[in-house]
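Analysis of the macromolecular model
Residues per chain, in single letters:
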Amino acid sequence: MNQAPVCDRDRDRAVELVQQAYADGRLSSTELELRLERALTATSAHELQPVVADLPDETVRLWSIGGRLTRTGDWQVPRRLRVDSEYGRVRLDLSRAHIPHPRVDIELRLTYGHATIILPVGAGANIDGVQAAWGRVTCKSPARPHPGGLHVHITGNLPYGHLTIRTSRK
């Protein structure tokens, strides 16, 4: 039986889930070492799946076709957020949101359309993982957060979409 090889992204995700489970107290140090070894030596998705099968993956998915996705005010920001939008507008205002994590990962899939992400004062944004073919990415926020500040890591694909990231004016 031919198994699909593991891509670096899936392997990195598995390592991150295992490390987070250890940090949350769900795994012992022995279990951490065992799972990390299995994740790093896995050659197929079939071998990688049992390493993380019992670990929570808290990715929240939002999607829209031609509409608006807006999150503002006092909303709970998940650690991982994936946004899919075709022909729509996305506005994620993190400036007054409840963010219990020091890092938030946002994955964007904007075929056409525009996204605006507003960061709280003191936060930083890393946009190195964003691919924009005919689209445009504008980041007016620092790449590194202030000490103790929120770090937002943004990845994704914007074939014709536009992304603007800025810090809150308040």
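Anything mentioned here points back to the structure above.
Residues numbered from 1 in each chain as written. Predicted model: local features only at pLDDT ≥ 70, side-chain atom pairs only at ≥ 80, totals over all residues. Heavy atoms only, no water.

1. Observations concerning the nonpolar core
- Counting residues in each nonpolar core, the largest one holds 26 residues, and the members touching the most others are Ile 106, Ile 117, Ile 154 and Leu 163.
- Looking at this core, the elements with two or more residues in it are strand 3 (80–86), strand 4 (88–93), strand 5 (103–110), strand 6 (113–119), strand 7 (124–132), strand 9 (151–158) and strand 10 (162–167).
- At 4 residues, the largest contribution of residues to this core is made by strand 5.
- Here Leu 163 is in contact with Leu 108, Ala 115, Ile 117, Val 130, Arg 136, Val 137, Thr 138, Ile 154 and Leu 158, once residues within four sequence places are set aside.
- Core analysis: the second largest hydrophobic core is formed by 15 residues, Val 6, Leu 27, Ala 39 and Leu 48 among them. (Core = buried A, V, L, I, M, F, W, Y, C linked by side-chain atoms within 4.5 Å. Buried < 20%, exposed > 50% of the residue type's maximum accessible area, 1.4 Å probe, protein only. Helix = DSSP H or I, 4+ residues; strand = E, 2+ residues; numbered from the N terminus. Contact = heavy atoms within 4.5 Å.)

2. Comments concerning the pattern of salt bridges
- Tallied over the full model, the rule gives 9 salt bridges.
- Note that Arg 35 and Asp 54 form a salt bridge whose closest N and O atoms lie 2.8 Å from each other. In this pair, Arg 35 is assigned in helix 2 (residues 29–41) and Asp 54 in the loop between helix 3 (45–52) and strand 1 (59–65), connecting sequence segments 19 residues apart.
- What makes Arg 35 buried here is its relative accessible area of 8%.
- Classification of Asp 54 as exposed rests on a relative accessible area of 53%.
- For Glu 107, the salt bridge is made with Arg 109, and the minimal N-O distance between the two is 2.6 Å.
- For Arg 109, a relative accessible area of 25% gives the class partly exposed.
- A single network of salt bridges, built from pairs that share partners, joins Arg 13, Glu 16, Arg 79, Arg 80, Arg 103 and Asp 105. (Salt bridge = Lys/Arg side-chain N within 4 Å of Asp/Glu carboxyl O.)

3. Description of the pairing of strand 4
- Where strand 2 (residues 68–71) meets strand 4, 4 bridges bridge the pair, whose relative direction is parallel. By the bridge assignment, Arg 71 is partnered in strand 4 with Leu 92.
- With 6 bridges joining them, strand 4 and strand 6 adopt parallel strand pairing. Considered in strand 6, the bridge of Gly 88 is made with Gly 113. (Pairing = 2+ DSSP bridges.)

4. Focus: the environment of Ala 42
- Relative to the assigned elements, Ala 42 resides in the loop between helix 2 and helix 3.
- When its relative accessible area of 4% is taken as the criterion, Ala 42 is described as buried.
- When the C-alpha positions of Ala 42 and Arg 11 are compared, they lie 8.1 Å apart, and in sequence the two are 31 residues distant.
- In this structure Ala 42 touches Val 6, Arg 11, Glu 47 and Leu 48, once residues within four positions along its chain are discounted.

5. A look at unusual backbone geometry
- One non-glycine residue, Tyr 87, lies in the positive phi region at around 65°.
- As for its placement among the helices and strands, Tyr 87 is situated in the loop between strand 3 and strand 4.
- We classify Tyr 87 as exposed; its relative accessible area is 54%.

6. Quick word on helix 2
- Its 13 residues place the ends of helix 2 18 Å apart at the C-alpha level, agreeing with the 18 Å of an ideal helix rising 1.5 Å per residue.
- Of the residues making up helix 2, those classed as buried are Leu 32, Arg 35, Leu 36 and Ala 39. Down the axis of helix 2, the smallest arc covering the buried residues is 105°, so these residues share one side. Away from the buried face of helix 2 by more than 90 degrees, exposed residues Thr 30, Glu 33, Glu 37 and Thr 41 are located.
- Residues of helix 2 that are buried make contact with helix 1 (8–23) and helix 3. (Expected span 1.5 Å × (residues − 1). Arc of directions from axis to C-beta.)

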